[in-house]
Structure formats: C-alpha cells, structure tokens
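Each chain, letter by letter, is given below.
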Amino acid sequence: MQLCNENLNQLPATVQRPLYDRSQVAASIVHLGVGAFHRAHQAVMTDAVLASGDLAWGIVGAGLMTSGTKDALAPQDGLYTLLERAAGSEKLHVIGSIVELLGGAADLGQVLARMCAPSTRIVSLTVTEKGYYLDPASGQLQLQAPAIQADLATPGTPRTILGLIVQALKHRKANAIPPFTVLSCDNLPSNGKTAKAAVLAFAREVDAELATWIEDRVSFPCSMVDRITPATTDADRAYVNAQLGLQDAWPIVTEQFVQWVIEDNFTMGRPDWTLGGAVFSNEIEAWEDMKLRCLNGAHSTLAYLGQLTGRETVADAMQLPLISGILDALWLEVRDVLKAPAGVDPADYVEQLKLRFCNPALKHRTAQIAMDGSQKLPQRLLSTLRERLAAGLPSPALATAIAAWMLFAVKTAHTPGAVLNDPLSNDILAQAGASNDSTAIIDNLLGIHKIFGSDLKTNAGFKAEVLNGLRQLAAHPEVAAALPLTL
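The model shown is predicted, which means the values in this text are computed figures rather than measured ones. (Residues numbered from 1 in each chain as written. Predicted model: local features only at pLDDT ≥ 70, side-chain atom pairs only at ≥ 80, totals over all residues. Heavy atoms only, no water.)

Asks: Talk me through the side chain of Thr366; I want residue IDs and the actual numbers.
Replies: When you line up the elements, Thr366 lands in helix α14 (residues 366-369). Within the structure, Thr366 has its side chain in polar contact with the side chain of Gln307 (distance 2.9 Å). When sequence neighbours within four positions are dropped, the list of residues in contact with Thr366 reads Leu302, Ala303, Gly306, Gln307, Arg311, Glu312, Thr313 and Val314. (Helix = DSSP H or I, 4+ residues; strand = E, 2+ residues; numbered from the N terminus. Polar contact = N/O pair within 3.5 Å; in protein donor to acceptor, adjacent residues only side chain to side chain. Contact = heavy atoms within 4.5 Å.)

Next comes the structure, spelled out in structure tokens:
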C-alpha cells in the first residue's frame, strides 16, 4: 500500500501527518530544484504554515534536469516522509506542502507557465552553485556555456533557471502582472545578490529595458539554510516504510537541527515561516558567512580527508584524530576573521557543529560532500584564506584543507576507472595527473583560474604552506596507503 492522500489514515498514530485539507491549498510558490535539501527545510516550514490554517502557500516542485522526484512523489500526491534522527531519538513526519510536481525537459513548458501565472508569488531555488552559471573566480556569467548560449538563442523555450526566470518576468512585465520574488536557498555567499547578478546578466543579453525593470521591481532576498541532509539510501527507504506500514518511494532522512534565516524583502507577500522555526533577519550575510566558513568549509575539508582515509561517513571521519585535529585548527583560523551575527558566539557555534558532525544516526557520506569541489572551494575556504592573507596572517590549516582537495584529485587521476564528480573534472584531472612531483602538482592545480583566480598561484608564502600540508598528509600512514603513487 502506497503513501498517498487516501491512505493517510492508515499511518501509525506516532507519525505526524497533514491535518489540513490539501485540496484547498493554493499553489503560489514554484520551487526550482526539488531535491532533498528543499524537502528537508523550506517544504517542512511551509507545511507548518499550512497546518496553521493559512492555505495560500502550496508549493509546485520542479526538477529541471530529471523527472526523478516527480516520478517518485507524484503517485504519492506529493507526500513524503521526513525522518529526523539524533543519537538517541527520532521523529517521523509526513509532509504535505508540495501540491504539484513537474520534472525533466518535457515539463519545462509547464514550469514556465506556472512561473508566469499571476497566482505565483515566489520562485525559490535550490539548484547548487552550478545552476547560476557564474564563473567561481570572477563572478561573471558564463556566456560560453552551451546551456546559456542555447537559452539566449531560443529565449522562448528556456532550459536553465536564468532563462526560465527572465522569460517568466518578461511575460509578467508585458501583461502588467506583479513580479514574483526570487528566493535563493543555495549555499552561496550573499545568495540573493548572486541570484540577482546572474539573472540581470542574462536579462541584459536578452533585453536591456527588461533588465532595468527587473533591477527596479524584483526582490532577491538573501537566505541562509543549515540542515545536514544526506542522500537517501535503500536502507533508509526500507526502514521508513517499515515504520509507516506504507511504501514511500523517496523519504528524507535528516538531523533534528534546522536553521533558516531569511531577509524580509518580498514583492508579493510571503508565508509566516517563523511558524516552522525560520528567522527573519537583516544580518543574513553574517549568518551565511558563519555557516559557509564554519560548517561547509569544515565539511568539505573533512570530506576530502575522509575520502583519503577510507572514512565513508562524516561521523566515521570525526573519529580519526588526524581529521578532527585539522578541523580544530581550521575553525580557529576561520574565527580569527569571522564577523559573526550579533549575539552569536562562534566558539559555541563550532562546539555545536562538532556534536552534529559526530551524530552516528546520520549517515552523511563523505563522497557526497566531496562532489563539485571547484564550485565550493571559493566560497567555503578561499574567501577566508584571502582575508587572512590580506591581514598578513599565516593559514596552515586552510592550506592543508586545499592540499587535501589536491590529494583527492591526484588519487582520482591516478586510479583507473575513478570518476571525479565535478563540472571542471577534465581540467582538474589533467593537472592532477600531469606530474608526480609535489611542487609541480601544486603549481598545476593552483593554475586553474576558474577555481583559484590569478593571485594564489603567485603567493609564495601560501604555496609553501600548501606544500608543507600536502607532504604531511601524504606521509600519514592511512593517506599514504590510499594514494596510488608516492609523493
């Protein structure tokens, strides 16, 4: 028996479920990128709004690349289970805020139509760094990207988020429909400003007058989301389904901690997400900075070190003194230059992170976190590094984190059949595999301008720190055993 509206009354009493009339929910949010991250925070907090009796904020969930989420959840009427896990407790909650699902290239016309509809008041995004088509080093729109070129050539049938947003806003402008708010929920610094810059850059290529209208009329609030959400495994599905007594094709497993901080700047109103625990604040950039540098920077560092030492999960990796020691040093370097939100003690925040990272109930795979490093390093590690360099401060822990990424790339380049999941994989593997000499490897990889810009490869002090970190890591017995060559 499948999880769906008709079978909600078959759930055990211990499982929380929608008690509101889902047939009366109005779809006013179109979410692009309806993956696990969205379903662990925004959809959950929107469900709390609906549960309060405000049924004006249903979500149309759209997958742009594939129809996987639609295929899994549409037969379930958009319902799915959220399993929140801590070391000694768990909670099951069926979420009902997604009222329509679209997915894949065949549905892009419908996605655009929903975005054009006057009823749509917010278009929200979790599309990862890649979805904005901005060069990680320069911040400029990647005009030569094939997908961007295709959308500029045929703007009426867009396939990227930028093409979809600009075309929908063009329609709304032409038909005197108020513009929706564009709400980025991606792990990017100043994500609202990033989204605005990408949309405006694309719009200027299409219609300068439209770009001016967007700049004047459309809100792009910044937001910061913090919830560790591993990819769902078959074991997770089996466990959840056993607890439900129903079949859920794609439940979400996450931690009990959740934080969503949002800039309160919406053109057509917004849900009262505080009902689900969200915070509206004018210090978004400070919250984002703390999370990106302390949590995400440490996560990436841990992931590369975990991949080099055979640690499959974050909790496993935290048990290795090599890794926990590097993270402790990293956090101290971050805190030296961190501008934390008012009333927040970064030391307390880091201690909370350690507890979250060590949560054995959350099987967050290091391989998942290690994906797309070229897109993540500039925000998560290099921004802190550059601040420290500007202040004349040494950064051995940050340099070791970069060295860990380099060794991860070297290991992949020299392992037959290994795949680097990264949009710049060809460039990275070519440089990582071009030499067996440590100094040459560092020079080659720092020479990838799209990741490191032009300043770091000429900084002798930083390069010396990276070389020292790389050699120390390569000499560690567990790392040396994993490397297919001797450095």
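Next comes the rest of the description.
Asks: Can you tell me about the packing of aromatic side chains, naming the residues and giving the values?
Replies: Following the criterion strictly, the structure yields 5 aromatic pairs and no others. Taking the centre distance of 4.7 Å and the plane angle of 50° together, the rings of Trp260 and Trp273 count as tilted. Residue Trp260 is found in strand β10 (residues 259-262), and its partner Trp273 is found in the loop between β10 and β11 (279-280); the two are separated by 13 residues along the sequence. Of the aromatic side chains, those joined through ring pairs into one cluster are Trp260, Phe266 and Trp273. (Phe/Tyr/Trp six-rings, centres within 6.5 Å; stacked < 30°, edge-to-face > 60°.)

Asks: Kindly report on helix α9 (residues 234-244), identifying the contributing residues and their values.
Replies: Along α9, the residues classified as buried are Asp236, Val240, Asn241 and Leu244. Along the long axis of α9, the arc covered by the buried residues comes to 125°, so they all point the same way. The exposed set on the far side of α9, more than 90 degrees from its buried face, consists of Asp234, Ala235 and Ala242. Each element contacted by the buried residues of α9 is listed here: β3 (80-85), β4 (90-95) and β9 (252-255). (Buried < 20%, exposed > 50% of the residue type's maximum accessible area, 1.4 Å probe, protein only. Arc of directions from axis to C-beta.)

Asks: Could you give me a rundown of the sheet that holds strand β2 (residues 58-63), with the residues and numbers involved?
Replies: The parallel open sheet is built from 5 strands, whose spatial order is β5-β2-β1-β6-β7. If you trace the sheet from one side to the other, it starts and ends with β5 (98-103) and β7 (181-184), each paired once. Strand after strand, the sheet turns through a mean of 20° between neighbouring axes, direction not considered. As defined by bridge partners, strand β6 (residues 122-125) adjoins β7 across 4 bridges and the pair is classed as parallel. (Pairing = 2+ DSSP bridges. Axes fitted to C-alpha atoms, helices over the stretch in contact; angles between N-to-C directions.)

Asks: Provide a residue-level description of the environment of Asp135, including the pertinent values.
Replies: Looking at the element boundaries, Asp135 is found in the loop between β6 and α5 (146-153). The exposure class of Asp135 is buried, given its relative accessible area of 12%. With 321 residues separating them along the chain, Asp135 and Leu456 place their C-alpha atoms 17 Å apart. Excluding its chain neighbours within four sequence positions, the residues that come into contact with Asp135 are Gln140, Gln142 and Lys450. Here the side chain of Asp135 touches Ser138 through a polar contact of 2.8 Å, landing on its backbone nitrogen.

Asks: Give a description of helix α20 (residues 460-475) that names residues and reports values.
Replies: Helix length check: α20 (16 residues) gives 22 Å between terminal C-alpha atoms against 22 Å at 1.5 Å per residue, within 8%. For α20, the set of buried residues is Phe462, Glu465, Val466, Leu467, Gly469, Leu470, Leu473 and Ala474. (Expected span 1.5 Å × (residues − 1).)

Asks: Explain the packing of helix α12 (residues 321-336) against helix α15 (residues 373-390) to me, using residue names and the numbers behind them.
Replies: Running from amino to carboxyl end, α12 crosses α15 at an angle of 60°, the nearest separation of the two axes being 9 Å. Relative to α15, the element α12 is oriented oblique. The handedness of the crossing between α12 and α15 comes out as left-handed. Taking contact as the criterion, the partners of Leu330, Glu333, Val334 and Asp336 in α12 are, on α15, Leu381, Thr384 and Arg388. In the contact of α12 with α15, the residues fall into 3 nonpolar, 1 polar and 3 charged. (Parallel < 35°, antiparallel > 145°, perpendicular 65-115°, else oblique. Left-handed = near helix turned anticlockwise from the far one by under 90°. Nonpolar A, V, L, I, M, F, W, Y, C, P; charged D, E, K, R; others polar.)

Asks: Could you give an account of the pattern of salt bridges, with specific residues and numbers?
Replies: Across all of its chains, the model carries 22 salt bridges by this definition. For Arg85, the salt bridge is made with Asp236, and the minimal N-O distance between the two is 3.7 Å. Taken together, the residues Arg85 in strand β3 and Asp236 in helix α9 connect sequence positions 151 residues apart. Residues Arg85 and Asp236 agree in their burial class; the two are buried. The network of salt bridges with common partners includes Asp289, Arg293, Lys339 and Glu387. (Salt bridge = Lys/Arg side-chain N within 4 Å of Asp/Glu carboxyl O.)

Asks: Any chance you could break down the pairing of β2 for me, citing the residues and the numbers?
Replies: Looking along a regular strand, one sees side chains alternate from face to face of the sheet. Summarising burial for β2: 6 of the 6 residues are buried, a large majority. Here β2 shows no split at all, with Gly58, Val60 and Ala62 on one side and Ile59, Gly61 and Gly63 on the other all buried. Pairing of strand β1 (residues 27-32) with β2, which is carried by 5 bridges, proceeds in the parallel orientation. Following the sheet pairing, Val30 is matched in β2 by Val60. In this structure, β2 lies alongside β5, joined through 5 bridges in parallel fashion. What sits directly across from Val60, in β5, is Glu100.

Asks: How would you summarise the nonpolar core if you had to cite specific residues and measurements?
Replies: Core analysis: the largest hydrophobic core is formed by 84 residues, its most contacted members being Cys294, Leu327, Phe357, Trp405, Met406, Ile428 and Phe452. The element that contributes the greatest number of residues to this core is helix α16 (residues 396-413), accounting for 13 residues. Sequence-distant contacts of Phe357, defined by excluding residues within four places in its chain, comprise Ile228, Leu295, Ala298, His299, Leu302, Val314, Ala315, Met318, Leu327 and Trp331. Ranked by size, the runner-up nonpolar core spans 42 residues in total, among them Val123, Val127, Leu162 and Val182. (Core = buried A, V, L, I, M, F, W, Y, C linked by side-chain atoms within 4.5 Å.)

Asks: Which residues make up the environment of Ala26, and what are the values?
Replies: Positionally, Ala26 belongs in the segment before β1. Note on Ala26: relative accessible area 37%, which makes it partly exposed. Each C-alpha atom of the pair Ala26 and Met318 lies 45 Å from the other, and the pair is 292 residues apart in sequence. Ignoring sequence-local partners within four residues, the contact set of Ala26 consists of Leu55, Ala56, Trp57 and Gly58.

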